[in-house]
Each structure stands twice: as C-alpha cells, then as structure tokens.
Amino acid sequence: MARVLHNLLLFTIRLTMKIRVLGYWSLIYGYCALCTAVALLKLWWSIILRPSATFQWGIRETPPACLNDTSLGTHCYVRIKESGLRFHYVAAGERGKPLMLFLHGFPEFWFSWRHQLREFKSEFRVVAIDMRGYGESDLPSSTESYRFDYLVTDVKDIVEYLGYNRCHLVGHDWGGTIAWLFAIHYPEMVTKLIVLNCPHPSVFSDYALRHPSQLLKSSYFFFFQLPRFPELMLSINDFKALKGLFTSRSTGIGRKGRWLTAEDMEAYLYAFSQPGALTGALNYYRNVFSSLPLRQNDVKSPVLLLWGERDAFLEQEMAEACRVYIRNHFRLNIISGASHWLQQDQPDIVNTLIWTFLKEGEGRKTYRN
C-alpha cells in the first residue's frame, strides 16, 4: 500500500511539473502571437499612411565623426582562441591601472558609455566592448550562440586577455544581466559590481510572472522570438522605431536629461543599419526563456544598483527586491526623472554616484536624487 501511495505521489508531482512547463510555454507562445498581431496592425497602418516611405531604409556607409573621437579612447580588437570570435572594444587610461569594464545593453553598443570613458580614464583602465552580435564584434548566426553561459564566458575571456584577473564591472540593460551572471559565477573576478536599470535575473523572472503590468511592459520579449519580422519592424520608415526608443516621450530620454545629438543618433543608425546587426542584437532575446530559472543566484561582490525612476520597460519595485540575492554591501540609488537610458540621460549624476561607490564602497540605504 505504501509503495502504491509513493508511486501515486511521484506521478502527481511529475504531472504537475509537466502542466507547469506546458503552461509556461503556452503563455510565451500565446503572448508572442498576440504581440505579432499588434505589430501586423501597426505595419498595415504605416503602409496606408506612408506607402512609399514604409519600406525605405538605408545602410549608413560612413561612420559619424563621434565614433572616432580620440578623447574616448583607442579602437582595439581581440580574437578569443576558445570561441574563435573577434571582439571590438574601445580602451582608455593607463595600462596597469585597475580595470573598469563596461557592458552595454539593447539596442546599444560601446558608444553608450562615452560619458563614462571620458570620466573614469584618469584613474582606471576603462574598456567598453561591443558584445557578441553587436557593432564591430563578430555576429554568430545561430541563436544557440547567445546562451547565457557563452555570454558570460566572453567577459571572462576578455578580462583575461586584457591581462587582468579582476575588474570593476559595469553593465546596463542586457549588459547588466550579463554582469549579474558574471558576478554570480566568477565572484573572485569582480571587485565591485555596478548595474544600471537591470534587476537580478531571478528577480525579473519571478516578478514578471506575478505582475501582469510588468509582463505587459516586457511584451517585446515575446515579439522578438519571431524570426525576421522584428528586424523588419525596427527597420521600416528608416529605423523610426529604433529612433523612438531614445527620443519618444514614453520611452526616450527625459526632458531634463542629456538628449542624443543628431550625430549621436547617426552613430546608432550606423551601427544597426549594417547587415545582420539587428539580428545579432535580437538573438539575445531568442535564448532568454530557455536560460531561466537560474541554478545559482547569490552575488558576493559589493553592488551598486542605479535606477532611472522613469524607466518605461522595468518597474522600480524590482530594484529593491534584488537585495535578497546580495551577500555583500548593497547600495541602491533611484534617480528622479531619469529614463531607462541612464548613463546617457544623466551622466553627471551617474558618474558622481559611481565615484562615491568606488571610493567608499559601502552603503545600505536607498537614496533618491
């Protein structure tokens, strides 16, 4: 009788797990279908209003002068032996000084850290990389090549190539996700962790599943699962949607922020108008659902989390929730009026807060600036 009850219990547990997995993927694909329908309506409306302009976009052949600004640093390349990939990065500051490594988000590239490269090169060896699939770094075609473990290993390989065994790691958005993961898996290589507008991955997955409002704000995650169609929607009307991410009232840099200049915007259009550039960037999203939940979560490095109060994509409640996974000092700064594009929106405030954290390093309070 006991064996029968035991087998029945095992069967019930396995059935429950299968139902949960089925429900998880049904939610993903169902929401993906809904987002696709909305995108098709937008495309159809654009064709009606601007039939001649909708499918017009062009590859920018010449980089704008700001991408070759020598005050930002020197353009360098490294080919990692293990992965075979070539990475592009911009470096400044004296070799041998402590390494500060910057990881960008979507849809960005090394240039998003221009204000920080100028600011911190006096005391650090500052390096802003184009992550795999972005900018002048190699663009693997397979979505499998964008798994979390590969992205984390890229960071380890680059730090070691640069001649370091530790670094101050700074990440924003997707770069923030990889920075969290790198600190989890290689705590001995992270002196201090600085993350901008990106929650701990486990906080994000748990919170989104429990809060429909965040799930709605993350609808693009589901839309980006489709092949090719998201690339089309980001390209039509000469990359209007891409421009809007940085400039629109709902998602762009705030009124009090430092707006992108026309040349800054051309730098982004130059990077993402290149063949395959959008696909490489979107492939990060096309692997995310199979990479969660995490098996390891604890962060042992001191952490500074900077958060723009007006982030249109991520709810602020997730910022404080990150505290539960941090086994060291945790400082959270909420920056009033700032958008998701924090290091570009409010560079002076961001730089000041980073300096304070680097020099003092300890704090447990939440501040509002």
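Residues numbered from 1 in each chain as written. Predicted model: local features only at pLDDT ≥ 70, side-chain atom pairs only at ≥ 80, totals over all residues. Heavy atoms only, no water.

### Details of unusual backbone geometry
For the bond from Phe 106 to Pro 107, the omega torsion is -10°, close enough to zero to count as cis. Of note, Pro 107 is situated in the loop between strand 3 (99-103) and helix 2 (114-120). The residue Arg 228 is not glycine, and still its phi comes out positive at about 70°. Mapped onto the elements, Arg 228 comes out in the loop between helix 7 (219-223) and helix 8 (229-247). Positive phi is not limited to glycine here, since Asp 238 has a value of about 55°. If you trace the backbone, Asp 238 turns up in helix 8. In this structure Asp 238 comes out as partly exposed when scored by relative accessible area, which is 22%. (Helix = DSSP H or I, 4+ residues; strand = E, 2+ residues; numbered from the N terminus. Buried < 20%, exposed > 50% of the residue type's maximum accessible area, 1.4 Å probe, protein only.)

### Description of a nonpolar patch on the surface
Where nonpolar side chains cluster on the molecular surface, the patch consists of Trp 44, Trp 45, Ile 48 and Leu 49 and spans about 490 Å² of accessible area. Along the chain, Trp 44 turns up in helix 1 (residues 2-49). Owing to a relative accessible area of 56%, Trp 44 belongs among the exposed residues under this scheme. (Patch = residues over 30% accessible without salt bridge, like charges linked within 9 Å, V, L, I, M, F, W, Y side chains within 5 Å. Areas by Shrake-Rupley, 256 points an atom, 1.4 Å probe, with all protein chains shown as cover. Salt bridge = Lys/Arg side-chain N within 4 Å of Asp/Glu carboxyl O.)

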